[in-house]
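# Geometric and topological summary
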Amino acid sequence: MAKLNLNREPMTKQDPKTRGKNFNEVALGYSAEQAKAEASRCIQCPKHSCTDGCPVEIDIPGFIKAVLDDNMPEAVRILKDKNSLPGICGRVCPQETQCEQACSLAKKGAPIAIGRLERYVADWERTNIGALNPKAEPPRPTGKQVAVVGSGPAGLVAAADLAKLGHSVTLLEALHVAGGVLMYGIPEFRLPKEIVQAEVAYVASLGVKIELDSVVGKVVTLDELLESGYHAIFLGTGAGAPMFMDIPGENLNGIYSANEFLTRVNLMKAYQFPEYDTPVFVGRRVAVIGGGNVAMDSARCALRLGTDEVYIIYRRSEVEMPARREEVENAKEEGIQFKLLTNPKRYIGSESNWVVGIECYEMGLGEPDESGRRRPIAKEGSEFILDVDMVVAALGTRPNPLIAQTTSDLKTTKWGTVVADDTTGKTMKDRVWAGGDIVTGAATVISAMGAARRAARDIDEYLRG
Amino acid sequence: MFRIISRETLGTKIHLFKIEAPAIARKALAGQFVVIRIDERGERIPLTLADWNGKEGSVTLVFLEAGATTFRLALLKAGDFIADFVGPLGVPSHIDKFGTVACVAGGVGAASITPIAKALKEKGNKIISILGARSKDLLFWEDKLRSVSQRLIVTTDDGTYGRKGVVTEPLKELLESEEKVDRVIAIGPSIMMKFCAQTTLPFGVKTIVSLNPIMVDGTGMCGCCRVSVGGVTKFACVDGPDFDGHQVDWDLLSARLRIYLDEEKRSFEQWQARMGKRS
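Now for a quick tour of the structure. (Residues numbered from 1 in each chain as written. Chains lettered and ligands numbered in written order. Predicted model: local features only at pLDDT ≥ 70, side-chain atom pairs only at ≥ 80, totals over all residues. Heavy atoms only, no water.)

This next bit is on the packing of helix α13 (residues 258-267) of chain A against helix α14 (residues 293-304) of chain A. Each pair of packed helices can be summarised by the angle the axes make with each other and by the distance between the axes. Residues and elements named next belong to chain A. Direction vectors running N to C along α13 and α14 enclose 50 degrees, while the axes themselves pass 10 Å from each other. Comparing the axis directions of α13 and α14 gives the class oblique. α14 is crossed by α13, and the crossing has left-handed handedness. For the pair α13 and α14, contact is made by Ala258, Phe261, Leu262, Val265 and Asn266 and by Val294, Asp297, Ser298, Cys301 and Ala302, respectively. Here the residues of the contact of α13 with α14 are counted per class, giving seven nonpolar, two polar and one charged. (Axes fitted to C-alpha atoms, helices over the stretch in contact; angles between N-to-C directions. Helix = DSSP H or I, 4+ residues; strand = E, 2+ residues; numbered from the N terminus. Parallel < 35°, antiparallel > 145°, perpendicular 65-115°, else oblique. Left-handed = near helix turned anticlockwise from the far one by under 90°. Contact = heavy atoms within 4.5 Å. Nonpolar A, V, L, I, M, F, W, Y, C, P; charged D, E, K, R; others polar.)

This brings us to the packing of helix α4 (residues 60-68) of chain A against helix α8 (residues 114-128) of chain A. All names here are of chain A. Two elements in contact, α4 and α8, have axes separated by 11 Å at closest approach and are oriented at 60 degrees. As judged from the angle between their axes, α4 and α8 are oblique. Read as a crossing pair, α4 and α8 show a hand that is left-handed. Here Ile60, Phe63, Ile64 and Val67 of α4 come into contact with α8, specifically with Ile114, Leu117, Glu118, Tyr120 and Val121. The residue inventory of the contact of α4 with α8, partitioned by class, reads eight nonpolar, no polar and one charged.

As a further point, take the sheet that holds strand β3 (residues 209-211) of chain A. Residue and element names in this part refer to chain A. Taken in spatial order, the five strands of this open sheet run β3-β2-β1-β4-β16, and their pairing is parallel. At either end of the open sheet lies a strand with only one pairing partner, and these are β3 and β16 (432-434). Averaged over all neighbouring strand pairs, the angle between strand axes comes to 20 degrees, with direction disregarded. Relative to the sheet, helix α18 (residues 445-464) contacts β1 (145-149), β4 (232-235) and β16, its axis offset from that of β4 by approximately 175 degrees. (Pairing = 2+ DSSP bridges.)

So, on to the interface of chain A and chain B. Taken residue by residue, the interface counts 41 residues in chain A and 45 residues in chain B. Summing the contributions of chain A and of chain B, the shared interface buries around 3,600 Å²; its carbon and sulfur component is 53%. Counting every contact that joins chain A to chain B gives three salt bridges. The tally of links from chain A across to chain B stands at 20 residue pairs in polar contact (both at pLDDT 80 or more). Residue assignment for the side of chain A that touches chain B shows that the elements contributing at least two residues are β5 (241-242), β6 (255-257) and α13 of chain A. (Buried area = accessible area lost by both parts, 1.4 Å probe. Salt bridge = Lys/Arg side-chain N within 4 Å of Asp/Glu carboxyl O. Polar contact = N/O pair within 3.5 Å; in protein donor to acceptor, adjacent residues only side chain to side chain.)

Bringing unusual backbone geometry into the picture now. Between Phe273 of chain A and Pro274 of chain A the backbone carries a cis peptide bond, its omega angle lying at 5 degrees. Its place among the elements puts Pro274 of chain A in the loop between α13 and β7 (285-289). Here the bond from Gly240 of chain B into Pro241 of chain B is cis, since omega is 15 degrees, no more than 30 degrees from zero. Along the chain, the position of Pro241 of chain B falls in the loop between α7 (236-239) and β16 (242-244). Here Lys269 of chain A, not a glycine, exhibits a phi torsion of approximately 60 degrees, which is positive. Given a relative accessible area of 18%, Lys269 of chain A falls into the buried group. (Buried < 20%, exposed > 50% of the residue type's maximum accessible area, 1.4 Å probe, protein only.)

Residue and element names in this part refer to chain A. A large share of strand β2 (residues 168-172) lies buried, amounting to four of its five residues. In terms of strand pairing, β1 meets β2 through five bridges, oriented parallel. If you follow Ala147 over to β2, its bridge partner there is Thr170. Between the parallel elements β1 and β2, the chain passes through helix α9 (residues 153-164) in a crossover that is right-handed. Both β2 and β3 contribute to a ladder of three bridges, which runs parallel. Counterpart to Leu172 in the pairing with β3 is Glu211. (Right-handed = clockwise from strand over helix to strand, strands pointing away.)

Shown next, in the form of structure tokens:
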């Protein structure tokens, strides 16, 4: 057996000083040589534990071997057999806790860079043959119609899978562009919108009809969809409603929810104001509250809009931060300042209602709570004031209630998530399935995709039943 | 894409657009709004439904040219298209048999209040309307509002038409009169709604206002439109736009309406320069 190569091929990134001033993609991807070098490290072990670690069960050793063999069309075929959105997943999946964690070389501290290879294959396809439906032969139509509500990661996967199985699929999206959180939430520098739209176009090329500007729950209800001829519905509307802390001063001017800030910047392209009509206010000293990926995205967007200082304010310590390690490192490299074990008590406003400061507590950590992380506890008397002129609250999101409010028999939890079977995604309402953040609360792109895949399988069984 | 069926000018810089949007026309109810985006570069802005026709598949909007988007909108012609037209959004106005309802409209609020007054009349209420504008050239739909009202009082700030003064004066007189008013609906600029609510407060008459904060998506996703009502934060897009005027934090609303004053001015001027100044 050949000697193990434990040197992970690094991926080139834009220099932190340069990238802090532009919205271009930070990570630049592998060259063909780099991709082959990394692919050659894979020992093609028989366990395929990486595939088990993948929520959508990609034949990872298979596509890596094809890269090594210089058979790129085959690599694309293997990847797209299980994943309709590889350019997206290669960029935003937390591989370090999924496939790469399961890799046989992970124990040696050098798992194969599966995510980077996935991205390489997807980018090769897009630039060389165009990311459209490679299959000339369309599936046999089943004559069944499915409505997929929401065009984020879950909706796109459910729609693609169901279309590949021969069902007639209509994808309903509330916003003016398809992609959901991939368009409004994740910034351009982490996930270029051109890539999202190329993968949306691929889903459309499978025969999926996309209807934009369609707010289900308002312009049409689930019952009306079912009455109008749809045989089944998949709900993938995500967790799009922002949460606030409910502390004094939260409605001051200059305080955004992360959803609003990111939507203005990413979806509405406020970073190109006044070329684009949507404005965004950018302060000199910005505080982002929260420790997740959305907080990192918000902080890094603010930096790129030309602020002087950007702080991350997080109530626990760095080890408890839910953000991906890589994104925390990227943020630090770019000069984002971390104020850990710190939590806002109230916001201080000027006479004209603009935020001028945050009164914060210093926090200590107590016993672990139900999440397994140590509970943050405010230290009485530790209050101090941080001068800021803009705040982004990245405190998590919950499902939007518009659909549940207009569907009496769709059971929801007290957190507003839809009750659905863990494995099939079937809800309590006849002929309606759900998957992704609408069921689990805010989670990852790939877990939403996995849930959508399982639901699509169950919907297919039902429709053929 | 949504086609502009027809358009007309109702007053100085006040325009009416009839737009083809059958799905929205079928579902629309009084008090709801749409979010529009003119084209790829455009921002998303909310506009209250002034009228709709399910059979024809049309929705009518009335707007005042006040910023970049409404300026650009006013340049469009019948047959042109608007990229995005989303709705019907918001909670419909509460329509019930209340008894006597005073409908008070200020400026472009006349367009928003007319379908509500009509729905209230159909429910058996007696409608007394007060229609106000700064000047005669900004008054419109007097006839429409009169047709659903038992009585209509018109005011202009400068006295160029109707009674000289602001709407709160006849409103106060009405409340002091023999007439028992069971409910007041006030729609117009936030300052006008604020003073209407202040006027009715001592009389203890429930006063509903339709709030007009800045919005982005209009579906509860961003929280830009948050308002404080009775000390509780609400999203006007999904919890409103109608709220109890006596509970609204008006200072907060007007402060939040000013967030982008500088940017709005810059964008407006840029578009005016680009498209050529119109008289």
